[in-house]
Amino acid sequence: MLFSNTISALVITLVRENTGLEGVYNGQLGHAESFVINQLKRMPDYILVVLQLLLFIFNIIVIIKTGKRFSKLHPSKRLRMIQNLRGSLFGFMRDLVKVFDSLVLFSLTETEAI
């Protein structure tokens, strides 16, 4: 899948933010990553293409602001970038974060139910 490093970094950061744990165990992270990627693969192509375009724009914004790709940033800087996007003037960037927030929350809920 395109942007798999960015997706992984987003998922890891959001899991840590939602659980409040810095050292989230690898099983939970692995489950969340695979859950999100599987859900993205199940989306219709016309939605997936838009998400990939938004991830590309997201990466460009991060590179312009920091000089590095999102997946290469320190976790605290990743979290700050996500928080900045939640308050973005551009609704499509807020929506991108909402999509990943929702998928991560679903993955965490599914993990707790198991």
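Since this is a predicted model, take the numbers as computed values, not measurements. (Residues numbered from 1 in each chain as written. Predicted model: local features only at pLDDT ≥ 70, side-chain atom pairs only at ≥ 80, totals over all residues. Heavy atoms only, no water.)

Q: Talk me through the pattern of salt bridges; I want residue IDs and the actual numbers.
A: Overall, the coordinates contain three salt bridges when judged by the stated rule. A salt bridge links Glu17 to Arg86; its shortest N-O distance comes to 2.9 Å. Of this pair, Glu17 sits in helix α1 (residues 4-19) while Arg86 sits in helix α4 (residues 75-86), and the two are 69 residues apart along the sequence. Note that Asp95 is salt-bridged to Lys98, the shortest N-O span being 4.0 Å. Placement of the pair is Asp95 and Lys98 together in helix α5 (residues 91-113), with a separation of three residues, close to one helical turn. By relative accessible area, which is 41% here, Asp95 ends up partly exposed. Among the charged side chains, a network of salt bridges with common partners joins Glu17, Arg86 and Asp101. (Salt bridge = Lys/Arg side-chain N within 4 Å of Asp/Glu carboxyl O. Helix = DSSP H or I, 4+ residues; strand = E, 2+ residues; numbered from the N terminus. Buried < 20%, exposed > 50% of the residue type's maximum accessible area, 1.4 Å probe, protein only.)

Q: Tell me about the nonpolar core, and name the residues and values.
A: Ranked by size, the top nonpolar core spans 32 residues in total, and within it Ile7, Val36, Leu40, Phe58, Phe70, Leu96 and Phe100 carry the most contacts. For this core, the elements supplying multiple residues, two or more each, are α1, α2 (26-42), α3 (45-66), α4 and α5. Ignoring anything within four residues of it in the chain, the contact list for Phe100 reads Ile7, Leu10, Leu14, Val36, Leu40 and Leu55. (Core = buried A, V, L, I, M, F, W, Y, C linked by side-chain atoms within 4.5 Å. Contact = heavy atoms within 4.5 Å.)

Q: Quick one: what's the story with the side chain of Asp101, residue by residue and with numbers?
A: Among the secondary structure elements, Asp101 is positioned in helix α5. Apart from the residues lying within four places of it in its own chain, the contact partners of Asp101 are Leu14, Glu17, Asn18 and Arg86.

Q: Which residues make up the packing of α1 against α3, and what values go with them?
A: As a packed pair, α1 and α3 sit with axes 11 Å apart at the nearest point and diverge in direction by 80°. The orientation of α1 relative to α3 falls into the category roughly perpendicular. Touching Thr6, Ile7 and Leu10 of α1 are Leu55, Phe58 and Asn59, all from α3. Taken together, the residues of the contact of α1 with α3 sort by class into four nonpolar, two polar and no charged. (Axes fitted to C-alpha atoms, helices over the stretch in contact; angles between N-to-C directions. Parallel < 35°, antiparallel > 145°, perpendicular 65-115°, else oblique. Nonpolar A, V, L, I, M, F, W, Y, C, P; charged D, E, K, R; others polar.)

Q: Give me the environment of Phe92: which residues, what numbers.
A: In this fold, Phe92 is placed in helix α5. Phe92 sits in the partly exposed class, given a relative accessible area of 37%. Along the backbone, Phe92 and Leu51 are 41 residues apart, and their C-alpha atoms lie at a distance of 9.9 Å. Ignoring any residue separated from it by four or fewer positions in sequence, one finds Phe92 in contact with Leu54 and Ile57.

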